[in-house]
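# Remarks on the overall topology
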Amino acid sequence: MLKFNGVELGLKQFPNGETLINGDEILTHMADFNTIAWKYENDGDLVKLMFVKSYLDDRRVKCTLTVYYLPYSRMDRVEGTSAFTLKYTAAFINSLNFESVTIIEPHSDVSLALIDRSIGKYPTIQLLERVAAEVGFQAEQDYLFFPDAGAQKRYSKVQGYKQLVGFKARDFQTGQIKSLEVVGNVERTGFKAIIVDDLCSYGGTFMLSAEKLREIGASQIYLLVGHCENSIYKGKILESDLIDKVYTTDTILSQAGHEKIHVYEMGGL
């Protein structure tokens, strides 16, 4: 899905699947300062993005890009013979030559390093205070939990909270987590924990994290993630009592209505 200056473009297709670009729709919403907001739905969005930006280039119209979720951002390194698809995606975006690129909740600094004139925006940090207030989190006795060192580094700006960190061993051939260890000092049982990370898919990592947190004395556990895929409905996280509630944004999620999921709209951040 693409928005031009805040208005969703009603991009249609010819019967054979080719994209139809309605120039009038773009020209109607042209402004002195123009931006495209991109909510990834499938790889076809890359072609649509290219067409819209090329149309603007033909008219010498400058434009910035906001990426709600950067596809392939998890593929930020090479493991064995795997393809470095983040690098290829970044090269494609760079070829479009936007004035600037804002990436919502980038998975790692690799995304920002690969994409020209890019900056990261982290709604999870903005939302943490809201979530903490809603669940009755008390900073002097409750804990934030980062599932791995990457999450801890990503949210290093967070101050004033007790923190626990998970160290996990993953089988990169299967993608499965083999083990997870909670590191940090817990002073009392019966504490609340907010698990903080950038992305939830099926939720396996967070289920395992919650199990470990329950074992060391957590009484209530909440999950706060910047991005949440629709695949969460296929996992066990919503059926289990391990995690009391999930807080996320609409950067990816298109399904809604589950009582355990609270979705914040990006337009309200």
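As a starting point, this report considers the structure included with it. (Residues numbered from 1 in each chain as written. Predicted model: local features only at pLDDT ≥ 70, side-chain atom pairs only at ≥ 80, totals over all residues. Heavy atoms only, no water.)

### With respect to the state of the cysteines
Keep this limit in mind: Cysteine sulfur atoms are paired as a disulfide whenever they fall within 2.5 Å.
One pass over the full model with this rule turns up zero disulfides. Here Cys228 stays free of any disulfide, with the sulfur of Cys200 as its closest cysteine sulfur at 4.5 Å.

### Focus: the nonpolar core
For clarity, the threshold we go by: Among buried residues, those of type Ala, Val, Leu, Ile, Met, Phe, Trp, Tyr and Cys that are joined through side-chain atoms within 4.5 Å constitute a nonpolar core. Burial status follows relative accessibility: with a 1.4 Å probe on protein chains alone, a residue under 20% of its type maximum counts as buried, one over 50% as exposed, and anything between as partly exposed. Comment: elements are numbered from the N terminus, with helices defined as DSSP H or I runs of at least four residues and strands as E runs of at least two. Note on contacts: a residue pair is in contact if any heavy atoms of the two residues lie within 4.5 Å.
Counting 30 residues, the largest nonpolar core has Ile36, Trp38 and Leu65 as its most contacted members. Sorting the residues of this core by element identifies β1 (2-4), β5 (35-38), α2 (44-58), β6 (64-67), α3 (85-96) and β7 (101-104) as the ones contributing at least two each. It is α2 that provides the largest number of residues to this core, a total of five residues. With near-sequence residues (within four places) excluded, Leu65 lies in contact with Thr35, Ile36, Trp38, Leu49, Ile93, Phe98, Ser100, Val101 and Thr102. Listed in part, the 26 residues of the second largest apolar core include Leu180, Met207, Leu238 and Ile243.

### A word on the sheet that holds strand β8 (residues 118-121)
The cut-off we apply is this: Strands pair, by our definition, only if DSSP identifies at least two bridges between them.
With respect to topology, six strands assemble into an open sheet ordered β2-β1-β5-β6-β7-β8, the strand pairing being mixed. In the strand order of this sheet, the two ends are held by β2 (7-8) and β8, each with one partner. In the sheet, β1 pairs with β5 via three bridges, with the strands oriented antiparallel. Its bridge partner being in β5, Leu2 is matched across the sheet by Trp38.

### Notes on helix α5 (residues 123-135)
Note the cut-off: Multiply 1.5 Å by the residue count of a helix minus one, and that product is the helix's expected span. By definition, a residue's bend is the angle between the axes fitted to the seven residues ending there and the seven starting there.
Here α5 is 13 residues long and its end C-alpha atoms lie 18 Å apart, about the 18 Å a rise of 1.5 Å per residue gives. Glu129 marks the point of greatest bend in α5, at about 30°. Here α5 has its buried residues at Pro123, Thr124, Leu127, Leu128, Val131, Ala132 and Val135. In the segment just after α5, Gly136 is the residue with positive phi, at about 75°.

### Details of the packing of aromatic side chains
Where two aromatic rings form a pair, the distance of their centres and the angle of their planes describe that pair. We count it as follows: Any two of the Phe, Tyr and Trp rings considered here, Trp counted by its six-membered ring, make a pair once their centres fall within 6.5 Å; the pair's planes then place it as stacked at under 30 degrees, edge-to-face at over 60, or tilted in between. A ring is scored as having a charge over it whenever the NZ atom of a lysine or the CZ atom of an arginine sits within 6 Å of its centre and within 35 degrees of its normal.
Enumeration according to the criterion identifies four aromatic pairs in this entry. With a centroid separation of 5.7 Å and 55° between ring planes, the pair formed by Phe137 and Tyr161 is classed as tilted. A residue pair is termed long-range when its members are at least 10 positions apart, and Phe137 in the loop between α5 and β9 (143-146) and Tyr161 in the loop between α6 (149-154) and β10 (162-170) qualify at 24 residues. Among the residues examined, Phe137 registers a relative accessible area of 11% and is labelled buried. Ring plane angle 20° and centroid distance 6.3 Å describe the contact between Phe146 and Tyr155, whose orientation is recorded as stacked. Residues Phe146 and Tyr155 agree in their burial class; the two are buried. Lys53 extends its terminal NZ or CZ atom over the ring of Phe98, reaching a point 5.2 Å from the ring centre.

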